Amino acid sequence: MMSGAMSMMLAAALAHACAAASVAPHARPLTAFAAPGPAPMLRRGIETGRCVSAPPRVALAGTRALATRTLLPALVRPGRAAAAGGLRMVGGQVGEPRVFTETDTSGEHGFKKVIMELEIEGEIMRIETGEVGRLAAGAVMVKQGTTVVYSTACGDLWLDKEEVIEDFVPMSVHYQERSSAAGKTPGGYIKRDGRPSDDEVLVSRIIDRTLRPIFPAGFCREVQILTTVLGYDKQHAPDPLAMVASAAALLASPIPYTKPVAGVAVGMDADGKFVVNPKREVLKNSRLNLFVSGTESSVLMIEGASDFLTEEEMAEAIEVGMKVVKQLCIGLQQFSDKTLEVRGQTKIMQLVRTVDDSLFAEFEEKLSEQMDAACRTGKTSKSDVYSAVFGLEKVAKKMFLGENPTPGREIDIKNTFKRFAAERMRLLAKNEGLRVDGRTLEQVRPISVRMEPLPAECVHGSALFTRGETQALCTVTLGDKGSRKRQDTLDGEESKRFYLQYTFPPNSVGECGRIGAVGRREVGHGNLAERGILAVLPSEEEFPYTIRLESLITESCGSSSMASVCGGSLALFNAGVPLKRAVAGVAMGLLLPDALKRGVSSSLDDEAVILTDILGLEDALGTMDFKVCGDAKGITAFQLDIKCEGLSTSLLRKALMQAKSGRLHMLYHMLKASPKPKTQMAPSVPKMIKLSIPQSAIGKVIGPGGATIRALIEEFSLTNVDIEETNGEGIVTITSLSKASNEACEDKVRFLVQEANNFSPVGGGIGGGSRGSGPRVADPEVGKVYEGCPIVGVHPFGCFVQLYDGKEGLVHVSELSTKRIDSVESLFKVGETMDVKVLALKDAKGKLRLSRKAVLIEKDDPDADKDLVPTPAIPVENIFSDVSSE
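Since we're looking at a predicted model, the values are computed, not measured.

Peer 1: How would you explain the overall build of the protein if you had to name every residue and give the values?
Peer 2: In terms of regular secondary structure, the protein is built from 21 helices and 30 strands. Looking at the protein residue by residue over its 886 residues, the buried ones come to 56%. The contacts in the protein between residues at least 6 apart in sequence include a share of 72% that link residues at least 24 apart. As displayed, the protein has an accessible area near 36,600 Å², and 52% of this comes from carbon and sulfur atoms.

Listed below in structure tokens is the structure:
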């Protein structure tokens, strides 16, 4: 492992080299690094930020984003993104909130509604309560355009109920996109909206992670947030509306949740201007898909992806979003006050148990020396570090619990111990620049990379990435379009050409646990890692395969999702996927002074300590988990979770810049192990052939109910045959493990097309459309002999000949000669001629039937085929001159 000083020096050198390379990457000399250093290829890879000669940068492609749909992810669903660059991009035009009441006199109830309106980027966001869901503790409707989101907050609010004291808030958040919101009926037999999709899970996580840190300490009653999309206009994304609706429902209820929070999506338009809550057409080509939430004065959560935006651009985007969040929070506070006034209710603060804050001073007095010693072990083993620190928790309980503890005393001791341990860790890091495992603040744990740990005869690509005691075994599986991940959304059916599946079994932390359906955490971590890699994937034209990337976490002690990004990038290299460049991910931590955790004060920012590549312990006791993916040139994905009431944007800027040096260190080790993608794919990768066919022949190749395709797959031992109609023609993709099988099937498909259209390809290919598009050509005469017909196609099953302009037909191998023919291709060539007789306009299969053998018999010359000497050839270009003109 490199020392902290060496790591910092290397990071600085790499950052300088990459900054220079961004101006003219291909003109950079290989001598930019002084020896000793990485090998020349590795040096150039780091200098340019690329591992191979990369094509021009392209915008993220796809459809809806955040939760992949709009907010990006966890969340940027491939597709809503922006395309421009540069800084100084202003945006986020927002007005002043307006709160008022309105009485509905259209019916007998006389609903008295409280309404808040706020103009954002020229669009009015309307929040109202008082008409729908009046039995819930809080219920609101949020509208923007004609997108409508309904959210309720309910809780266990009975004062006379026996208290069950916990050290967390048992809150559950459920977000649902009803099919009826887009005028659709769910598929399947039941025709009912069912289990949540991955996108719905991701939005639920966004809401949960924003709301949870703001609940007051000492509140542990059950709370449930139900948020439903009731209307979707395919322009205004429901995700940011869902975040605002959930917060508004809590604030408008008696639940003791008093601090307003809100969230917005931020994109970038074609001019490089940041746009808050952008419409779908903006997000289609946006380089940024960001979701940011916070309070009036601080950031609570960020999530999203970008097309290599710089740290400075990302910080500016966060500030633009927070400008709108601030106005939303001001409006929500007024909305909450007015709603409670109209309903005659107040916040039930009696449900918040008083926490014994005096314990912290007692811990400082009696356990500081022991905790300082535990934080100085310098041991790198997870079990040793945890035992040293949390071993003191038992001592603390014996010391402070007493014989007859009051209700909640044990919980207070447990929570105070965590605060105390975090503060002693912060002081050690602040004063001495050391962490519990002996590392410096910016030092990355030891890294090991093993390429192709699994046999290439079985697995298409694999890599084992180990960082400290965090380890990810990543595997790649390549397939055709049939392997794509498909799902129904409000925008219609979507398919993903690339998807990452993250698995976190309990054995990765040495425990027993539940095994079953994928959990929300796995969905979120997998989506973040997927977004981190998405921006460097080759286009489908460059690499037609569907890419499935799996990350199996075999060890976990901090930031397994970022290990998935590093290991996944290497596994794709090993599979031969031509990535534009390698990307890495790093998790940043934060240790805040205890006073700063309870209210943001920028004057205390200097006391905060930012950590690179956090341990599991630093994640558990720290304040922030900030994951950043990308390379030397910019950021591809990011995610922030905190455990306090918010962070200042200045702290986030510092964390972003520090994360860059950590990424560069990891890229050094990654490129040293694999400087570029493999040029030859594993033998187990399916072989693929693509050909185009006329639109009129698609039905013939598919067959009744897909019978012909199934027969082709079975006859030639194929993996799949896929047909896609595009631009007025059909694109047939044949996939199998054998090149010979593909070619044999291709020949059969060409025969089916020629049979369907009585048309054969110029130069052996299939194209040009069907005959039906031009003037009708007269049918040949049955029984007539057509002399000197040029051969336009030769196949094992026979020859296609041109009777006259615009009319071709097949002479089956059985009708070519009076003798048995073993190889048609060896005896007949395209451009030669033959005499044929029309036996029937439609045979049993409805096709034109021609015969050369009948002509020979009629001439009473059975020996004419003795040598099979053809008549003079006609140039191929002359044969098809008329065909191509049609």
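Peer 1: Residues and numbers for the environment of Lys-234, please.
Peer 2: Assignment of secondary structure puts Lys-234 in the loop between β7 (223-231) and α4 (238-251). By relative accessible area, which is 38% here, Lys-234 ends up partly exposed. Here the alpha-carbon distance between Lys-234 and Lys-279, two residues 45 residues apart in the chain, equals 8.6 Å. Apart from the residues lying within four places of it in its own chain, the contact partners of Lys-234 are Arg-280, Leu-490 and Asp-491.

Peer 1: An account of helix α10 (residues 520-534) is needed here, citing residue identities and associated values.
Peer 2: With 15 residues, α10 ought to run about 21 Å at 1.5 Å a step, and its terminal C-alpha atoms sit 21 Å apart, in line with that. When you tally the buried positions in α10, you get 13 out of 15 residues, the bulk of the element.

Peer 1: Account for the side chain of Lys-496, with residues named and values stated.
Peer 2: Within the secondary structure layout, Lys-496 lies in strand β16 (residues 492-496). Its relative accessible area of 14% is what places Lys-496 among the buried residues. Looking at Lys-496, its side chain comes within polar contact range of the side chain of Glu-530, at 2.7 Å.

Peer 1: Help me get a handle on the pattern of salt bridges, residues and values and all.
Peer 2: On inspection of all chains with the given rule, the structure shows 50 salt bridges. Lys-113 serves as the salt-bridge partner of Glu-102, at 3.8 Å between the closest nitrogen and oxygen. Note that Glu-102 is positioned in strand β1 (residues 98-103) and Lys-113 in strand β2 (residues 112-120), a separation of 11 residues in sequence. Residue Lys-113 is classed as buried on the basis of its relative accessible area of 9%. Glu-364 is paired through a salt bridge with Arg-424; the nearest N and O atoms lie 3.1 Å apart. With Glu-364 in helix α7 (residues 358-374) and Arg-424 in helix α9 (residues 409-432), the pair connects residues that are 60 residues apart, well separated along the chain.

Peer 1: Any chance you could break down the pairing of strand β24 (residues 720-726) for me, citing the residues and the numbers?
Peer 2: Sheet topology places β24 next to strand β25 (residues 729-736); 7 bridges connect them, and they run antiparallel. Residue Asp-722 lies in a different strand from β25, and its bridge partner there is Thr-733. Linking β24 back to β25 in an antiparallel pair, the connection comprises 2 residues, with Asn-727 at a positive phi of about 50°.

Peer 1: Can you explain the sheet that holds strand β26 (residues 785-795)? Please cite residues and give values.
Peer 2: Read across the sheet, 5 strands follow the order β28-β27-β26-β29-β30 without closing on themselves; strand pairing throughout is antiparallel. Two strands in the sheet have a free side with no partner beyond their single neighbour: β28 (807-812) and β30 (849-851). With strand direction ignored, the average angle separating the axes of adjacent strands in the sheet is 50°. Here strand β29 (residues 833-840) pairs with β30 via 3 bridges, running antiparallel. For Ala-840, the partnering residue across the bridge sits in β30 and is Arg-849.

Peer 1: Account for unusual backbone geometry, with residues named and values stated.
Peer 2: With phi around 60°, Phe-308 is a residue other than glycine that occupies positive phi space. Within the secondary structure, Phe-308 is located in strand β11 (residues 299-309).

Peer 1: Quick rundown of the side chain of Arg-353? Include the residues and the values.
Peer 2: With respect to the element layout, Arg-353 can be found in the loop between α6 (311-343) and α7. Exposure remark for Arg-353: the relative accessible area of 18% places this residue in the buried category. Polar contacts involving the side chain of Arg-353 include one to the side chain of Asp-412, which spans 3.1 Å. Contact partners of Arg-353, with chain neighbours within four places excluded, come to Ile-165, Ala-217, Gly-218, Pro-407, Gly-408, Ile-411 and Asp-412.

Peer 1: Just give me the short version of the nonpolar core, but keep the residues and values in it.
Peer 2: Core analysis: the biggest nonpolar cluster contains 172 residues, and Leu-211, Leu-288, Leu-328, Ile-533, Phe-626 and Leu-647 have the highest contact counts within it. Top element by residues in this core is α6. It accounts for 12 residues. Apart from residues no more than four positions distant in its own chain, Leu-328 is found in contact with Met-116, Leu-118, Ile-120, Met-125, Val-244, Ala-262, Gly-263 and Val-264. By size, the runner-up hydrophobic cluster in this structure holds 18 residues, among which are Ile-689, Ile-698, Leu-752 and Val-753.

Cut-offs applied
- Residues numbered from 1 in each chain as written.
- Predicted model: local features only at pLDDT ≥ 70, side-chain atom pairs only at ≥ 80, totals over all residues.
- Heavy atoms only, no water.
- Helix = DSSP H or I, 4+ residues; strand = E, 2+ residues; numbered from the N terminus.
- Buried < 20%, exposed > 50% of the residue type's maximum accessible area, 1.4 Å probe, protein only.
- Contact = heavy atoms within 4.5 Å.
- Areas by Shrake-Rupley, 256 points an atom, 1.4 Å probe, with all protein chains shown as cover.
- Expected span 1.5 Å × (residues − 1).
- Polar contact = N/O pair within 3.5 Å; in protein donor to acceptor, adjacent residues only side chain to side chain.
- Salt bridge = Lys/Arg side-chain N within 4 Å of Asp/Glu carboxyl O.
- Pairing = 2+ DSSP bridges.
- Axes fitted to C-alpha atoms, helices over the stretch in contact; angles between N-to-C directions.
- Core = buried A, V, L, I, M, F, W, Y, C linked by side-chain atoms within 4.5 Å.

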